[in-house]
Amino acid sequence: MSTPLSVSFEFFPPRNDDMERTLWESVERLAPLAPRFVSVTYGAGGTTRERTHATVARLVAETALQPAAHLTCVAATRADIDAIVEEYWSAGVRHIVALRGDALAGPGATYEPHPGGYAYTHDLVEAITRRGGFEVSVSAYPERHPDSPDWDTEIALLKAKRDAGATRAITQFFFENDLYFQYVERVRKAGIDIPIVPGILPVQNFAQVANFAKRCGSSVPEKLARRFEGLDGDQQTRALVAAAVCAEQVEDLRARGVSEFHFYTMNRANLVYAICHLLGLRPQHLQKAA
Ligand code: FAD
């Protein structure tokens, strides 16, 4: 019998009222699929920080979902970060996705550790682990992080994050499953035993995804480009193709033994809901604990 399926969903904090409505409609639609956790991304600027906090606090207060708050090392002292961790704790959050983050100028700009901050992810993971009580997840890069000089360094950094206390790694999105399996093989050879959960990005808008992928170091196979060819102005067909393409990817991962998936929802529920349905997930009735 295959291992039971487990999914998690990633959201980003909304920037205006319309986005807020879309987010909470999506949360409501996806919640009955009983995700293991739902994560909320984090930006280093003051206002985005507050939006992350407000979103996770509302998830705790109004839903039965387990939120995971993302946190980066960027542009903050250790005391700032420690205070944010305590705020998450007080809000009822018990899971943090710990990251280095990008330079404030954006991906591609040179990352400089804050002089009084946690320099890299493993320092942050260590601090959260020392504080205690949190589950800590980290990132993983099946195609290497764009800043990483070689595979040995890439894998050694993941090992440092595991050794500092991380119990799960969530991958950057990828479209070629073989790359994921080759990566997992490298990870296991290095003695890293934590789950490497594939991060799945359903393609809501091919042009945007291709652009984003370039900045993240994720490759976009020619086959994927061909499947979306000529559909830029045809949203309905695009959605159908996106569901078919993503279902094919996750079903192949599932057939090859993967049982845990993390979906980058982009705050939209329909595609993710359909793909989870195809994977065999059905709505369950969730109740907020009294
Ligand atoms: P790491 O994997 O820890 O390291 C990235 C690179 O930093 C390494 O390749 C290496 O070149 C260098 N490095 C790391 N440690 C050391 C060291 N000890 N010495 C020297 N060099 C080192 N970004 C956000 O801003 N907010 C988010 O909420 C967010 N969520 C994400 C969730 C997931 C699952 C993923 C995959 C990415 C997310 N990102 C987010 C993007 C992420 O912040 C960027 O990819 C960033 O460039 C790297 O952060 P990391 O924690 O993945 O880095």
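By the naming in an unreviewed UniProt entry, the chain is Methylenetetrahydrofolate reductase, taken from Candidatus Raskinella chloraquaticus. The Catalytic activity (unreviewed entry) comment attached to the chain in UniProt states, word for word, "(6S)-5-methyl-5,6,7,8-tetrahydrofolate + NAD(+) = (6R)-5,10-methylene-5,6,7,8-tetrahydrofolate + NADH + H(+)".

Attention shifts here to the packing of aromatic side chains. For the coordinates displayed, the defined rule picks out 10 aromatic pairs. Here the aromatic rings of Phe-173 and Phe-212 are separated by 5.7 Å at their centres, their planes lie at 25°, and the arrangement is stacked. In this pair, Phe-173 is assigned in the loop between strand E6 (168-171) and helix H6 (177-189) and Phe-212 in helix H7 (residues 206-216), connecting sequence segments 39 residues apart. Judged by its relative accessible area of 34%, Phe-212 falls in the partly exposed class. Pairwise contacts between aromatic rings join Phe-9, Phe-261 and Phe-263 into one cluster. Directly above the ring of Tyr-273 sits Arg-29, whose terminal nitrogen or CZ lies 4.1 Å from the centroid.

On to the side chain of Thr-265. One can find Thr-265 in the loop between strand E9 (260-264) and helix H10 (270-279). Those residues in contact with Thr-265 that sit more than four places away from it in its chain are Phe-9, Glu-10, Phe-11, Leu-30, Gln-204 and Val-272.

Glancing now at the pairing of E9. Regular strands have side chains that alternate between both faces of the sheet. With respect to burial, E9 is a largely interior element, five of its five residues being buried. Here E9 shows a buried face lined by Glu-260, His-262 and Tyr-264 and a second buried face lined by Phe-261 and Phe-263. The pairing of strand E1 (residues 6-11) with E9 spans five bridges and is classified as parallel. The residue of E9 that forms the bridge with Phe-9 is Phe-263. Two elements, strand E8 (residues 199-200) and E9, share two bridges in a ladder whose sense is parallel. Counterpart to Ile-200 in the pairing with E9 is Phe-263.

Looking now at the site of the ligand. For the ligand, the set of nearby residues contains 21 residues, the closest of which are Arg-100, Asp-102, Thr-121, Ser-139 and Tyr-141. Summarising the interface, the protein chains cover 82% of the accessible area of the ligand, which totals 960 Å² for the free molecule. For the shell around the ligand, the secondary structure elements donating two or more residues are strand E3 (67-72), helix H4 (121-131) and helix H5 (151-164). Residues belonging to the shell around the ligand are distributed by class as follows: seven nonpolar, 10 polar and four charged.

Most of E1 sits inside the fold, with six of its six residues counted as buried. Of the two faces of E1, the one lined by Ser-6, Ser-8 and Glu-10 and the one lined by Val-7, Phe-9 and Phe-11 are each fully buried. Where E1 meets strand E2 (residues 37-40), four bridges bridge the pair, whose relative direction is parallel. Residue pairing across strands places Phe-9 opposite Val-38, the latter belonging to E2. The parallel pair E1 and E2, bridged by helix H1 (residues 17-30), forms a crossover whose chirality is right-handed.

Procedures and definitions
Residues numbered from 1 in each chain as written. Predicted model: local features only at pLDDT ≥ 70, side-chain atom pairs only at ≥ 80, totals over all residues. Heavy atoms only, no water. UniProt positions renumbered as here; feature names shortened; annotations may be inferred. Phe/Tyr/Trp six-rings, centres within 6.5 Å; stacked < 30°, edge-to-face > 60°. Helix = DSSP H or I, 4+ residues; strand = E, 2+ residues; numbered from the N terminus. Buried < 20%, exposed > 50% of the residue type's maximum accessible area, 1.4 Å probe, protein only. Lys NZ or Arg CZ within 6 Å of the ring centre and 35° of its normal. Contact = heavy atoms within 4.5 Å. Pairing = 2+ DSSP bridges. Near = heavy atom within 4 Å. Areas by Shrake-Rupley, 256 points an atom, 1.4 Å probe, with all protein chains shown as cover. Nonpolar A, V, L, I, M, F, W, Y, C, P; charged D, E, K, R; others polar. Right-handed = clockwise from strand over helix to strand, strands pointing away.

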